[in-house]
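Below are the chains, spelled out letter by letter.
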Amino acid sequence: MAIDETYNEPENTEVLVRSLDESHPVQLRYAHAGDAGADLITTVEVTLKPFQRALVPTGVAIALPAGYVALVHPRSGLAVRQGVTVLNAPGTVDAGYRGEIKVPLINLDPERTAVFHPGDRIAQLVIQRYVQATFVAADRLPGSDRAERGFGSTGVSSAQEAVGGN
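Residues numbered from 1 in each chain as written. Predicted model: local features only at pLDDT ≥ 70, side-chain atom pairs only at ≥ 80, totals over all residues. Heavy atoms only, no water.

As recorded in an unreviewed UniProt entry, the protein goes by the name Deoxyuridine 5'-triphosphate nucleotidohydrolase, listed as coming from Bifidobacterium jacchi. Entered under Sequence similarities (unreviewed entry) in the UniProt record, the comment concerning the protein runs "Belongs to the dUTPase family." Check the Cofactor (unreviewed entry) section of the UniProt entry for the protein; it says "Mg(2+)". (UniProt positions renumbered as here; feature names shortened; annotations may be inferred.)

Caption draft 1: Seen up close, the UniProt feature "binding site: substrate" (unreviewed entry) in the protein. Here, the residues flagged by UniProt with the feature "binding site: substrate" (unreviewed entry) are Arg 75, Ser 76, Gly 77, Asn 88, Thr 92, Val 93 and Asp 94. With residues up to four places along the chain from it excluded, the contact list for Arg 75 reads Asp 39, Arg 121, Ile 122, Ala 123 and Gln 124. Tracing the backbone through its elements, the reader meets Val 93 in strand S8 (residues 91-93). Relative accessible area serves as the criterion here: at 7%, Val 93 is assigned to the buried category. If near-sequence neighbours (up to four positions away) are discounted, Val 93 is found in contact with Ile 62, Leu 64, Val 69, Ala 70, Val 72 and Ile 101. (Contact = heavy atoms within 4.5 Å. Helix = DSSP H or I, 4+ residues; strand = E, 2+ residues; numbered from the N terminus. Buried < 20%, exposed > 50% of the residue type's maximum accessible area, 1.4 Å probe, protein only.)

Caption draft 2: Inspection of the sheet that holds strand S11 (residues 121-129) at higher detail. In space, the four strands of this open sheet follow the order S2-S11-S6-S8, with antiparallel pairing throughout. Of all strands in the sheet, those with a lone pairing partner are strand S2 (37-41) and S8, marking the two edges. Across the sheet, the axes of successive neighbouring strands diverge by a mean angle of 30 degrees, strand direction being ignored. Note that strand S6 (residues 68-73) and S11 share six bridges and pair antiparallel. Each bridged residue has a counterpart across the sheet, and for Val 72 the counterpart in S11 is Leu 125. (Pairing = 2+ DSSP bridges. Axes fitted to C-alpha atoms, helices over the stretch in contact; angles between N-to-C directions.)

Caption draft 3: Looking closely at the pattern of salt bridges. Within this structure, the stated rule accounts for three salt bridges. One salt bridge connects Glu 11 with Arg 129, and the closest N-O pair in it is separated by 3.0 Å. Of this pair, Glu 11 sits in the segment before strand S1 (16-19) while Arg 129 sits in strand S11; the two residues are 118 residues apart in sequence, bridging distant segments of the chain. The same class applies to Glu 11 as to Arg 129, namely exposed. (Salt bridge = Lys/Arg side-chain N within 4 Å of Asp/Glu carboxyl O.)

Caption draft 4: Representation of the environment of Tyr 130 in the model. By the secondary structure assignment, Tyr 130 is in the loop between S11 and helix H2 (158-162). Overall, Tyr 130 belongs to the partly exposed group, its relative accessible area being 38%. Counting along the chain gives 61 residues from Tyr 130 to Val 69, while the straight-line C-alpha distance between them is 6.8 Å. When neighbours within four sequence positions are excluded, Tyr 130 is seen to be in contact with Gly 67, Tyr 68 and Val 69.

Caption draft 5: Inspection of the pairing of S2 at higher detail. In terms of burial, S2 is largely enclosed, as five of its five residues are buried. Side-chain alternation along S2 places Gly 37, Asp 39 and Ile 41 on one buried face and Ala 38 and Leu 40 on a second face that is also buried. Two strands pair when backbone bridges link them, and S2 and S11 are joined in this way by five bridges, in the antiparallel orientation. Across the sheet, residue Ala 38 finds its bridge partner in S11, namely Leu 125.

Structure, rendered in structure tokens:
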């Protein structure tokens, strides 16, 4: 089987970034080649007690090209080690928004307080193309295999049953 070499490189598009905090130059960058998410950092000291939330500034604003969206995702390491995640994950930054990107963090750890210092990585920003739909009113929708079956309609896998999952 032949490998399509053109698939190995991600699409590249220019996104303008502006620093909103003179004491912190623009620090929006990818930690490793091939990363989908660029690190967002905090510009302030943040203390989150158990189950506390805060809207955390990043000190950056962006200008996305039309047809793109920036999605604010949690950092998996923060979730696993500290129980901290992005409250509305993924957060949406529309192409027309020019204000500061702020991240709503929540500490889900029931016992430990989480502390972040200026320059700490708090989330990641993923840039994606999107499709803008034309919504058309309809009296009926076409049928499908799933129909109107919703939450839990696909059943329980045997692996979940073995460990008591639902």
